Amino acid sequence: MPSKHQIETDPNPAGPEAAGLDTSGQSAVASAAADRRLFGRTAAELAELLVAAGEKPYRGRQLAEALYRQRCNDWASMTTLPVALRQRLADAGWTPGRPEIAESFRSVDGTERYLIQTGENTVETVWMPEGDGGAEDSAGSDAGQAGGESAEAGDGWKRATICVSSQVGCAVNCQFCLTAKLGLQRNLTAGEIAGQVVAVLERQGVVLNRKRINLVFMGMGEPFLNYENFMAAVRLLRDEVGIATQRMTVSTSGIVPAIRRFAAEEDRPRLAISLNAPNDAIRESVMPINRKWPIGELMEAVRTIPFRQREKVTFEYVLLDGVTNRREDARELAALVARHQLPCMVNLIAWNPGPGIAYSSPSAESVLAFQQQLLQAGIQTYIRRPRGRDIYAACGQLKRTTEPELVRLG
Ligand code: SF4
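Residues numbered from 1 in each chain as written. Predicted model: local features only at pLDDT ≥ 70, side-chain atom pairs only at ≥ 80, totals over all residues.

Draft legend 1. Seen up close, the overall build of the protein chain. Counting its secondary structure elements, the protein chain contains 10 helices and 12 strands. Residues classed as buried in the protein chain amount to 47% of the 410 residues present. Within the protein chain, contacts between residues at least 6 apart in sequence are counted, and of these 71% link residues at least 24 apart. (Helix = DSSP H or I, 4+ residues; strand = E, 2+ residues; numbered from the N terminus. Buried ≥ 20, exposed ≤ 12 C-beta atoms within 10 Å, placed from the backbone. Contact = placed C-beta atoms within 7 Å.)

If you want it as structure tokens, here you go:
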């Protein structure tokens, strides 16, 4: 028998009425299919939910603290909330609902790749202690994270990067990318995107104010084709988890209308453009999306970004042997970058091999030579160290591979 304040809702987190919160005990229409995961809701939304159920507003903040800062993912560990309240929430079908790590693989280089369960799907998230040497490693170095970033003695790393997925699969069809082979299965919710980060922080035992954590939204999917959920996840990670946006970088294949929208955001992560070619002809062959938004339009959209002091856009450039890594490609890329006069840097990524893709990896010498050409042209250029190639964790390799020879962590 429902009490006056029994919590009965539908999945809409917009507010108690919109959410169908029942404070009268009359409505029992909450469907079994309703999404009753708490993770993914802001502190304000959690407070609304609890107030509608007769609780004090501060309980919403307590619940948010438990979910996002203490990283509780079961009722028993949420000891800051009264047992009776937890019981009522559980009885009404609510769950903490953070995505869980289903499988883990560890590379010889220390990188860990996770398959994270999001409903019926799994997505990939990658943990890279000490980053990968790319431009994102310096993200936010002028911004700081709450509490500073001094290294914690004795546990072997000072900073780390988490690579986060935004969709299950991807529709963009970049020819060098394993994720593309999955096609798009669905968008992730804000909670599923932010939940990957919290699950990994929990797995690694990270104390945020003692470590420097960078987030790169460069996992499975095109974040700008899931724009609302992606930005909602960014706000959750900023406001509830406590990671500054200056420490986040989002990479897009060049979804021009979304870049323009992104430019108008009051607070946003840094931007990386997955460029990968020095001209439209080559780019179309490796990234069919270029037919819709060619390089000129893409650069014009990037120009609308109001860059912060010392902020730069990163051009990601995958080196495909004989396709994008020739001397003339470097020359043309340098000219392209110079022509558009954007505050920028270039990240070079030697292509990571994947089954069923017919490109070749460039030699280490040719990667260095390419970098030299750009440096000589005055372009700040980094080489991303391939991380976790042996466990299919490197760029463009995320396809939920679970071959038995991979080293499982359990
Ligand atoms: S590189 Fe990124 S945008 Fe392109 S297919 Fe792969 S996941 Fe999608």
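From this point on, the discussion continues.
Draft legend 2. Inspection of the packing of helix H1 (residues 43–52) against helix H2 (residues 58–69) at higher detail. At their nearest, the axes of H1 and H2 sit 7 Å apart, and the two run at 130 degrees to each other. With respect to H2, the axis of H1 lies oblique. Crossing handedness for the pair H1 and H2: right-handed. On H2, the residues touching Ala43, Leu46, Ala47 and Leu50 of H1 are Arg59, Gly60, Arg61, Leu63 and Ala64. Its residues assigned to classes, the contact of H1 with H2 comprises six nonpolar, one polar and two charged. (Axes fitted to C-alpha atoms, helices over the stretch in contact; angles between N-to-C directions. Parallel < 35°, antiparallel > 145°, perpendicular 65-115°, else oblique. Left-handed = near helix turned anticlockwise from the far one by under 90°. Nonpolar A, V, L, I, M, F, W, Y, C, P; charged D, E, K, R; others polar.)

Draft legend 3. The arrangement of the nonpolar core in detail. Counting residues in each nonpolar core, the largest one holds 98 residues, and the members touching the most others are Ile162, Ala194, Val197, Leu215, Leu237, Tyr317 and Leu319. Looking at this core element by element, the count peaks at eight residues for helix H4 (residues 190–204). Counting contributing residues per domain, this core is built from domain 1 (1–98) and domain 2 (100–391), each supplying no fewer than three. Non-local contacts of Leu215, meaning those with residues more than four positions away in its chain, are made with Ile162, Val164, Val197, Leu237, Ile243, Arg247 and Met248. (Core = buried A, V, L, I, M, F, W, Y, C linked by C-beta atoms within 7 Å. Domains from an automatic or database assignment.)

Draft legend 4. Summary view of the sheet that holds strand S12 (residues 381–383). As summarised here, the arrangement of the 10 strands in space is S1-S2-S3-S4-S7-S8-S9-S10-S11-S12, forming an open sheet in which the pairing is mixed. The open sheet terminates on both sides in strands that have one partner only, identified here as strand S1 (100–106) and S12. The sheet shows a mean angle of 25 degrees between the axes of neighbouring strands, direction not considered. (Pairing = 2+ DSSP bridges.)

Draft legend 5. How the structure looks around helix H10 (residues 364–376). In a regular helix each residue adds 1.5 Å, so 13 residues correspond to 18 Å; H10 covers 18 Å between its end C-alpha atoms and thus fits that length. Of the positions making up H10, those classed as buried are Val367, Phe370 and Leu374. Down the axis of H10, the smallest arc covering the buried residues is 60 degrees, so these residues share one side. Exposed side of H10, more than 90 degrees from the buried face: Ala364, Glu365, Gln372 and Gln376 are the residues found there. The elements touched by buried residues of H10 are strand S10 (313–319), helix H9 (327–340), strand S11 (344–350) and S12. Looking one or two places after H10, you find Gly378, whose phi comes out positive at around 85 degrees. (Expected span 1.5 Å × (residues − 1). Arc of directions from axis to C-beta.)

Draft legend 6. Seen up close, the pairing of S1. Here S1 pairs with strand S2 (residues 112–118) via six bridges, running antiparallel. Bridge assignment links Arg106 to a residue of S2, and that residue is Glu112. The antiparallel pairing of S1 with S2 creates a hairpin that spans five residues between the two strands, and Gly110 there sits at a positive phi of about 95 degrees.

Draft legend 7. Spatial organisation of the environment of Tyr317. By secondary structure assignment, the location of Tyr317 is in strand S10. Residue class for Tyr317 comes out buried when judged on the 25 C-beta atoms lying within 10 Å of it. For the pair Tyr317 and Pro278, spaced 39 residues apart in sequence, the C-alpha separation works out to 9.1 Å. Excluding its chain neighbours within four sequence positions, the residues that come into contact with Tyr317 are Leu275, Asn276, Leu333, Val346, Asn347, Leu348 and Ile349.

Draft legend 8. Region of the structure containing the environment of Leu215. Tracing the chain through its elements places Leu215 in strand S7 (residues 212–217). When the C-alpha atoms of Leu215 and Ile162 are compared, they prove to be 5.0 Å apart, with 53 residues separating the residues in sequence.

Draft legend 9. The pairing of S7, seen in detail. Across the six residues that make up S7, a large majority, six, are buried. Alternating positions in S7 separate into two faces, Arg212, Asn214 and Val216 on one and Ile213, Leu215 and Phe217 on the other, with burial throughout. Of the strand pairs in this sheet, strand S4 (residues 159–163) and S7 are connected by five bridges, and their pairing is parallel. Each residue of the ladder has a partner; that of Ala160, found in S7, is Ile213. In this structure, S7 lies alongside strand S8 (residues 248–252), joined through three bridges in parallel fashion. By the bridge assignment for S8, Val216 is matched with Thr249.

Draft legend 10. Structural context of H2. When the terminal C-alpha atoms of H2 are compared, their 16 Å separation across 12 residues agrees well with the 16 Å that a helix rising 1.5 Å per residue should span. All of the buried residues along H2 are Gly60, Gln62, Leu63, Ala64, Ala66, Leu67 and Tyr68. Those residues of H2 that are buried are in contact with H1, H4 and helix H5 (227–241). Positioned one or two residues after H2, Arg71 has a phi angle of 60 degrees, which is positive.

Draft legend 11. Representation of the packing of helix H6 (residues 256–263) against helix H8 (residues 295–303). Two elements in contact, H6 and H8, have axes separated by 8 Å at closest approach and are oriented at 10 degrees. As summarised for this structure, H6 and H8 are arranged roughly parallel, according to the angle between their axes. Residues Val256, Ile259 and Arg260 of H6 form the contact with H8, whose own contacting residues are Glu297, Leu298, Ala301 and Val302. Here the residues of the contact of H6 with H8 are counted per class, giving five nonpolar, no polar and two charged.

Draft legend 12. Structural detail: the confidence of the model for the protein chain. Per-chain confidence: the protein chain averages 85 in pLDDT, with 81% of residues scoring 70 or above. Considering only residues more than four positions removed or in separate chains, one finds that residues 1–33, a stretch of pLDDT under 50, has 60 contacts. The low-confidence segment residues 403–410 (pLDDT under 50) makes 13 contacts with residues lying over four places distant or belonging to another chain. (pLDDT = per-residue confidence, 0-100.)

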